[in-house]
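# Tertiary structure, described
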Amino acid sequence: MNRLVEFCTNNMHHGTDAILRRLEEERPDVETIEYGCLGNCGMCYLEPYVLVDGEIVAAETAEALYEKIVQKLNEAEIDPFADLPLD
């Protein structure tokens, strides 16, 4: 299952355009989509953010946002049932 990271073009002034390109290069397992607007205008104005599988991920800088995106993607790859006994 491909993961989805959604970007707002109006948020690119925070440097998220570089994050979009970096994800496309480094994470071929992740689908990236750029929209004209994601409807979070207040947040969009104040800080870099994206939607990862429909959940808002935001940070103070674009580089910190990239790290949070990767962390979110990696968290979801962990199987929550892996340690349960098979009894």
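Everything below is about the structure shown above.
Starting from 1, residues in each chain are numbered consecutively following that chain's sequence as written. Since the coordinates come from a predicted model, pLDDT governs what is reported: local features require at least 70, and pairs of side-chain atoms require 80 or more to be given and counted, while whole-chain, interface and lining totals use all residues. Note that water and hydrogens are dropped before the side-chain values are worked out from all heavy atoms of the structure.

## Description of the pairing of strand S2 (residues 30-35)
Note: strand S1 (residues 3-8) against S2, six bridges, orientation parallel. Across the sheet, the residue bridging to Cys8 is Tyr35, located in S2. Two strands qualify as a pair provided that DSSP identifies no fewer than 2 bridges between them. A run of H or I in DSSP counts as a helix once it spans at least four residues, and a run of E counts as a strand once it spans at least two, with each numbered from the N terminus.

## Side note on the pattern of salt bridges
Here a salt bridge means any side-chain nitrogen of Lys or Arg lying within 4 Å of a carboxyl oxygen belonging to Asp or Glu. Here the structure, examined in full by the defined rule, presents six salt bridges. Asp17 is the partner of Arg21 in a salt bridge, and the nearest nitrogen-oxygen pair spans 3.8 Å. Of this pair, Arg21 and Asp17 both sit in helix H1 (residues 16-26), four residues apart, which is roughly one turn of the helix. Here's how the labels work: a residue is buried when its accessible area is under 20% of the maximum for its type, exposed when over 50%, partly exposed in between, all with a 1.4 Å probe on protein chains only. Overall, the relative accessible area of 45% leaves Arg21 in the partly exposed class. One salt bridge in this structure joins Asp29 and Arg27, with 3.0 Å as the shortest N-O distance. Judged by relative accessible area, Asp29 falls into the partly exposed class, the value being 30%.

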